[in-house]
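Geometric and topological summary
Each chain, letter by letter, is given below.
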Amino acid sequence: MSRPLILLSAALLSAAPAAQAAPKAAKKTPAAAAGRQNAEETVRLPPVFREAETDKTGFPQTGRAIWRLHADANGKIVRREQKTDRAVAKQAAAIGDLPQEFPPRERCEQRQNQSGASETVCRNVPFTVVQEVYFVMPKNLAIDKTQFAGVVQTVPPRPVYPPLSMENGEEGTSVVRAAVAPDGRAYGAHTEKSSGHRLLDRFAVKGMDAARFQPARYRGKPVWQAVSSKIEFKLD
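All figures in this text were calculated on a predicted structure; none of them were measured in a lab.

**Things to note about helix H5 (residues 198-207)**
Residues of H5 that are buried include every one of Leu200, Asp201, Ala204 and Gly207, and no others. Relative to the axis of H5, the buried residues are bounded by an arc of 125 degrees and lie together on one face. The exposed residues of H5 that point more than 90 degrees off its buried face are Arg198, Arg202 and Lys206. Against the buried residues of H5 lie helix H4 (163-167), strand S12 (172-180), strand S13 (186-193) and strand S17 (225-235).

Following this line, the structure appears as structure tokens:
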């Protein structure tokens, strides 16, 4: 039987830890299932990465802006929420108007009709759209090593080899991009280059949750920096 290997190569550091077994799913209760059915759906748009602008002193104004757009069952935005780091408030405001509506989303479920037969019933449901924008260290400033020190990975990503992918003999390398914050965590992880298998890509992105870094610094102060990590899934 083939032994699964997950090889990791992140910005400024390489590591190859053993693959971890997937944790057992929590036991579902009727109340929890009902809560999930009634919960508002969340749609996450691909994160946007932009090079940060500088202030009058030439210091990069890095940070994150998050919009939560609440849509009704017809897809029309009825409420907006925004959470923006103070340093990037002006940059976020310059992005412009966000969409006023999105295509409606359906939720389908099996029900019994009056004759006792099972049928599929679909209806439009309210949902929330989340858009994240990251303003990261500009490349033209990052080349000045007298003022800039890039991120250093201290804990590698810990992706799990998907059991279904192992059964199907799927292998490949996913390149995951993320923004490392001053707290040393990776945010906005997404597939930059696909392995060719959607499930492997999804587990590679999820594995970035465990990664930790020493944050990048410019003039001695922590800044957000974009990094890319290669995660290789291989059956030995």
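**Considerations on the packing of aromatic side chains**
A full pass over the atoms with the stated rule returns five aromatic pairs. Taking 5.8 Å as the distance between ring centres and 50 degrees as the angle between the ring planes, the aromatic pair formed by Tyr187 and Trp224 counts as tilted. Highlighted residues: Tyr187 in strand S13 and Trp224 in the loop between strand S16 (221-223) and S17, separated in sequence by 37 residues. Residue Trp224 is classed as buried on the basis of its relative accessible area, which comes to 7%.

**Observations regarding the sheet that holds strand S10 (residues 148-149)**
Taken in spatial order, the three strands line up as S10-S15-S16 in an open sheet, and their pairing is antiparallel. Whereas interior strands pair on both sides, the edge strands pair on one side only; in this sheet they are S10 and S16. Examined bridge by bridge, strand S15 (residues 216-218) and S16 share three bridges and lie antiparallel to one another. Across the sheet, the residue bridging to Ala216 is Val223, located in S16.

**Here we look at the pattern of salt bridges**
In the structure shown here, the tally under the stated rule is six salt bridges. As a salt-bridge pair, Arg44 and Glu132 come within 3.9 Å of each other at their nearest N and O atoms. Highlighted residues: Arg44 in strand S3 (residues 41-44) and Glu132 in strand S9 (residues 127-136), separated in sequence by 88 residues. The exposure class of Glu132 is buried, given its relative accessible area of 16%. The shortest N-O distance in the salt bridge between Lys206 and Asp209 comes to 3.2 Å. Residues joined in a network through salt bridges with shared partners are Glu41, Arg105 and Arg107.

**Considerations on the confidence of the model for the chain**
Taken residue by residue, the chain gives an average pLDDT of 86. The fraction at 70 or more is 83%. Between residues 10-37, whose pLDDT stays under 50, and residues either more than four places distant or in other chains, the model counts 29 contacts.

**A word on the environment of Gly184**
Checked against the element boundaries, Gly184 lands in the loop between S12 and S13. Classification of Gly184 by relative accessible area gives buried; the value is 2%. Note: C-alpha distance between Gly184 and Gln214 (30 residues apart in sequence) is 5.5 Å. Those residues in contact with Gly184 that lie beyond four places of it in its chain are Ala211, Arg212 and Phe213.

**A short note on the pairing of S9**
Extensive coverage of S9 is indicated by the burial of ten of its ten residues. Taking every second residue as pointing to the same face, both faces of S9 are buried, with Phe127, Val129, Gln131, Val133 and Phe135 on one and Thr128, Val130, Glu132, Tyr134 and Val136 on the other. Where S3 and S9 come together, four bridges link them in parallel fashion. Along S9, the bridge assignment pairs Thr42 with Thr128. Here four bridges tie strand S4 (residues 48-51) to S9, and the two strands are oriented parallel to one another. Among the inter-strand pairings, Phe49 is bridged to a residue of S9, identified as Tyr134. Alignment of strand S5 (residues 63-71) against S9, held across nine bridges, turns out to be antiparallel. Across the sheet, the residue bridging to Ala65 is Val133, located in S9.

Criteria and thresholds
- Residues numbered from 1 in each chain as written.
- Predicted model: local features only at pLDDT ≥ 70, side-chain atom pairs only at ≥ 80, totals over all residues.
- Heavy atoms only, no water.
- Buried < 20%, exposed > 50% of the residue type's maximum accessible area, 1.4 Å probe, protein only.
- Helix = DSSP H or I, 4+ residues; strand = E, 2+ residues; numbered from the N terminus.
- Arc of directions from axis to C-beta.
- Contact = heavy atoms within 4.5 Å.
- Phe/Tyr/Trp six-rings, centres within 6.5 Å; stacked < 30°, edge-to-face > 60°.
- Pairing = 2+ DSSP bridges.
- Salt bridge = Lys/Arg side-chain N within 4 Å of Asp/Glu carboxyl O.
- pLDDT = per-residue confidence, 0-100.

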